[in-house]
Amino acid sequence: MTILHNGDLVSGSDEKDIKIWNSQDGTLKHTLVGHSSWVYSLIVLHNGNLVSGSGDNTIKIWNQTRLEKTLTRHSTLVCSLCLLSNTDFVSGDSKGNIMIWTSNGDHKMTIHNAHADWIRSITALQNGGFATGSDDKTIKVWDRNGVNVKTLQGHTGWVLAIVELENGYLASASSDKTVRIWNVSNESTLMHTYSYNNPIAAIGVLPNGDLIHEGNDREILIRSVDQVSNGRQDAK
């Protein structure tokens, strides 16, 4: 799911289409048809265009409700997308390949075998680079030129989601039932681990900088940057 610049919500599913919803009253405004398999990932570009990644191995760029372009360089399902600060976007697929594209859909670079398995999550970094989380249980940090500068190891399950905190730390959620906090600027790297009773699939950062993620039994936990930096177990 993602949010358009006008506040409308966008969702994709195994029904192969994309739905645009009025965020005020929850009514369906538009249905975008074009993919022939699951829609795994959605992002909104700086110019307002919508980008979708699908199990049909394609990326589609939509202008409002009109299909602008279909990108077909991936040979397997496109499971993650991320918008970079320079207006480019990044895609990851189920073979562990990464591609970088301009906002117009022009191909800039392919990083073959960036991971050994599905790339489940990509997040943009404040320095212009990006980080990727994979089913190979690793997180990789990349600079703005697509060079791998660090590999983070510690998870024992799939890395399902990653985000960067305002202090530059990374937070990752995994099927190993943990949320881990990483300081990628020093050698110690792994800072803290929060453990739960179930896999953690969703994690995010609130507008005030707080970390929000799943917890036990479908609870939602919120931690301040101070709590995360000091490894405190208490949460809202």
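How each quantity is defined
Residues numbered from 1 in each chain as written. Predicted model: local features only at pLDDT ≥ 70, side-chain atom pairs only at ≥ 80, totals over all residues. Heavy atoms only, no water. Pairing = 2+ DSSP bridges. Helix = DSSP H or I, 4+ residues; strand = E, 2+ residues; numbered from the N terminus. Polar contact = N/O pair within 3.5 Å; in protein donor to acceptor, adjacent residues only side chain to side chain. Axes fitted to C-alpha atoms, helices over the stretch in contact; angles between N-to-C directions. Salt bridge = Lys/Arg side-chain N within 4 Å of Asp/Glu carboxyl O. Buried < 20%, exposed > 50% of the residue type's maximum accessible area, 1.4 Å probe, protein only. 1 Å grid on protein atoms, 1.4 Å probe; cavity = no way out; pocket = protein on both sides within 12 Å on 5 of 7 lines; lining within 4 Å. Points joined across faces, edges and corners; volume = space filled by probe spheres on them. Phe/Tyr/Trp six-rings, centres within 6.5 Å; stacked < 30°, edge-to-face > 60°. Lys NZ or Arg CZ within 6 Å of the ring centre and 35° of its normal.

1. Describing the pairing of strand β3 (residues 18-21)
Regular strands place their side chains on alternate faces of the sheet.
Phase 1 of the analysis: Pairing analysis gives four bridges linking strand β2 (residues 9-12) to β3, with the strands arranged antiparallel. Looking at β3, one finds that Gly 12 is bridged to Ile 18.
Phase 2 of the analysis: Taken together, β2 and the strand that follows it, β3, pair antiparallel across an intervening segment of five residues, in which Lys 16 is found at a positive phi of about 80°.
Phase 3 of the analysis: Across four bridges, the pairing between β3 and strand β4 (residues 28-32) is antiparallel. Across the sheet, the residue bridging to Trp 21 is Leu 28, located in β4.
Phase 4 of the analysis: Hairpin connection from β3 to β4: six residues lie between these consecutive antiparallel strands, with Gly 26 at a positive phi of about 80°.

2. Focus: the environment of His 155
Phase 1 of the analysis: Counting through the fold element by element, His 155 comes out in the loop between β16 (148-153) and β17 (159-164).
Phase 2 of the analysis: The spacing of His 155 and Ala 173 is 18 residues in sequence and 9.0 Å in space, taken between C-alpha atoms.
Phase 3 of the analysis: Polar side-chain contacts of His 155 include one of 2.9 Å to the side chain of Asp 176.
Phase 4 of the analysis: Among the polar contacts made by the side chain of His 155, one reaches the side chain of Arg 180 at a distance of 3.3 Å.

3. Some remarks on the sheet that holds strand β5 (residues 39-44)
Phase 1 of the analysis: Strands sit in the order β5-β6-β7-β8 across an open sheet of four strands; the sheet is antiparallel. Edge positions in the open sheet fall to β5 and β8 (66-71), since each of these has one partner strand only. Across this sheet, the average inter-strand angle for adjacent strands is 20°, counted without regard to direction.
Phase 2 of the analysis: In this sheet, strand β7 (residues 59-63) lies alongside strand β6 (residues 50-54) in antiparallel orientation, the contact comprising four bridges. By the bridge assignment, Ser 52 is partnered in β7 with Lys 60.

4. Thoughts on the pattern of salt bridges
Phase 1 of the analysis: For the structure on display, the rule yields seven salt bridges.
Phase 2 of the analysis: Salt-bridge contacts for Asp 8 lead to Lys 29; the nearest nitrogen and oxygen are separated by 2.8 Å. Taken together, the residues span a long stretch of sequence, with Asp 8 in the loop between β1 (2-3) and β2 and Lys 29 in strand β4 at a distance of 21 residues.
Phase 3 of the analysis: On the basis of relative accessible area, Asp 8 is assigned to the buried category, the value being 6%.

5. Notes on the layout of surface pockets
Phase 1 of the analysis: Within this model, the largest pocket holds a volume of roughly 1,200 Å³.
Phase 2 of the analysis: For the lining of the largest pocket, the secondary structure elements donating two or more residues are β1, β2, β5, β9 (78-83), β13 (119-124), β17, β21 (203-205) and β22 (211-214).

6. Some points on the packing of aromatic side chains
Phase 1 of the analysis: If you walk through the whole model with that rule in mind, you get four aromatic pairs.
Phase 2 of the analysis: The interplanar angle of 25° and the centroid separation of 5.7 Å between the aromatic rings of Trp 38 and Tyr 40 together place this pair among those described as stacked.
Phase 3 of the analysis: Taking 6.0 Å as the distance between ring centres and 80° as the angle between the ring planes, the aromatic pair formed by Tyr 40 and Trp 118 counts as edge-to-face. Residue Tyr 40 is found in strand β5, and its partner Trp 118 is found in the loop between β12 (107-111) and β13; the two are separated by 78 residues along the sequence.
Phase 4 of the analysis: Members of the aromatic cluster, connected to one another through ring pairs, are Trp 38, Tyr 40 and Trp 118.
Phase 5 of the analysis: When the ring centre of Tyr 194 is taken as reference, the NZ or CZ atom of Arg 223 above it lies at 3.8 Å.

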